[in-house]
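Residue-level structural notes
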Amino acid sequence: MDVYDTILSRRSIRRFQQKSIDNAILKKFVNAARLAPSAANLQPLEYFVINNKDLCSKIFETISWAGYIKPKWIPNQEERPTAYIVMLVRDTKNPWYIRDVSLASENIVLAAEENGIGSCILCKIDRDKIKEILKIPKEYIVDSVIALGYKSEKCVVEDLIDSVEYWRDENQVLHVPKRKLEDIIHMNEF
Ligand SMILES: Cc1cc2nc3c(=O)[nH]c(=O)nc-3n(C[C@H](O)[C@H](O)[C@H](O)COP(=O)(O)O)c2cc1C
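Residues numbered from 1 in each chain as written. Predicted model: local features only at pLDDT ≥ 70, side-chain atom pairs only at ≥ 80, totals over all residues.

1. Thoughts on the domain arrangement of the protein chain
Using the following cut-off: Where each domain begins and ends is defined by an automated method or by a domain database. Residue type decides the class: Asp, Glu, Lys and Arg count as charged, Ala, Val, Leu, Ile, Met, Phe, Trp, Tyr, Cys and Pro as nonpolar, and the leftover types, Gly among them, as polar.
When cut into domains, the protein chain gives domain 1 (3-152) and domain 2 (154-190). Of note, the centres of domain 1 and domain 2, computed from C-alpha atoms alone, are 23 Å apart. Across the side of domain 1 that touches domain 2, the residue classes tally to three nonpolar, no polar and one charged.

2. Some words on the pairing of strand β4 (residues 141-150)
Definition in use: Whether a residue is buried, exposed or partly exposed follows from its count of other C-beta atoms within 10 Å of its own C-beta, namely 20 or more, 12 or fewer, or something in between, respectively; the C-beta atoms are built from the backbone. Secondary structure counts use DSSP, requiring at least four H or I residues in a row for a helix and at least two E residues in a row for a strand, with both numbered from the N terminus. A pair of strands is labelled paired if DSSP reports no fewer than 2 bridges between them.
Across the ten residues of β4, eight count as buried, placing the element largely inside the fold. The pairing of strand β2 (residues 83-89) with β4 spans seven bridges and is antiparallel. Following the sheet pairing, V89 is matched in β4 by I141. In this sheet, β4 lies alongside strand β3 (residues 117-122) in antiparallel orientation, the contact comprising six bridges. By the bridge assignment for β4, I121 is matched with I146.

3. Here's the deal with the sheet that holds strand β6 (residues 167-168)
Think of a sheet as strands paired side by side through backbone hydrogen bonds, with each pair either parallel or antiparallel. Strands sit in the order β5-β7-β6 across an open sheet of three strands; the sheet is mixed. Each having just a single partner strand, β5 (155-159) and β6 make up the two edges of the open sheet. Bridge analysis of β6 against strand β7 (residues 174-178) gives two bridges, and the strand direction is antiparallel. By the bridge assignment, W167 is partnered in β7 with H175.

4. Let's talk about the site of the ligand
Definition in use: We call a residue near a molecule or strand if the C-beta atom, set from the backbone, is within 6 Å of it.
Among the 14 residues in the neighbourhood of the ligand, the closest are listed as R11, S12, L122, C123 and K124. Broken down by element, the shell around the ligand gets its largest block of residues, three residues, from β3. Residues of the shell around the ligand, tallied by class, amount to nine nonpolar, two polar and three charged.

5. Let's talk about unusual backbone geometry
A negative phi holds for most residues other than glycine; trans holds for most peptide bonds. A cis amide bond, omega -5 degrees, links K70 with the succeeding residue P71. Along the chain, P71 turns up in the loop between α3 (53-60) and β2. Positive phi is not limited to glycine here, since K135 has a value of about 55 degrees. Position of K135 relative to the elements: it lies in the loop between α5 (127-134) and β4.

6. Things to note about the packing of helix α2 (residues 23-34) against helix α4 (residues 97-114)
Axis angle and axis distance: for two packed helices, these are the angle between their axes and the distance between the axes, and together they describe the pair. Threshold: Simply put, an axis is a line fit to the C-alpha atoms, just over the touching stretch for a helix, and the angle between two N-to-C directions goes from 0 to 180 degrees. Working rule for handedness: look at the near helix, and if it is turned counterclockwise from the far one by less than a right angle, call the crossing left-handed; if clockwise, right-handed. Contacts are defined on C-beta atoms placed from the backbone: any two residues whose C-beta positions lie within 7 Å are in contact.
Contact pair α2 / α4: the axes reach a minimum separation of 8 Å and the direction vectors enclose 145 degrees. Where α2 crosses over α4, the handedness of that crossing is right-handed. Contacts between α2 and α4 pair K28, F29, A32 and A33 from the former with A104, N107, I108, A111 and A112 from the latter. Here the residues of the contact of α2 with α4 are counted per class, giving seven nonpolar, one polar and one charged.

Next comes the structure, spelled out in structure tokens:
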């Protein structure tokens, strides 16, 4: 897949096959994150990789899933993520760290997509609980978590008409509205 095709095909995936991801593949994702652009090249990020079953179930309990799906939905036992990467910030005084996390996260989700692995960036998480479960030293910030696993969900992009809310149809396909190109681009004039 070339980069553009990978960008087009990636969607946030919240249902996964129960097939484990090799350590080497997970390390490859962290390596992709490590090489992302970094403000002043300060590199304030570290990564906690989880693919141990017991830890995965503990982390699962700290996550809020798909806020727009009603009634409240969570992945069932047979469709939970098989790995997570927790995005940690070491230098919390760095004013640009959120940009660094965002760029590193995009590298991870694109590398995952290229390897046929689904991902979902998660920020609605219980950070204190995650720190406690993983015994993260208090000087670190838990910024976000990226859920990973082989995909067990179909998603399609559609033009945004009047709502940003993603929705599932009767076949469980997730529809993700995106603003149209002509609505957001300003070429040479506003
Ligand atoms: C910063 C950020 C935080 C997010 N937090 C959550 C979350 O807590 N739970 C969740 O299910 N999805 C979360 N998502 C996924 C978004 O819902 C998803 O990116 C959006 O609906 C667009 O879908 P797409 O990623 O398939 O393009 C988050 C995405 C971003 C970028």
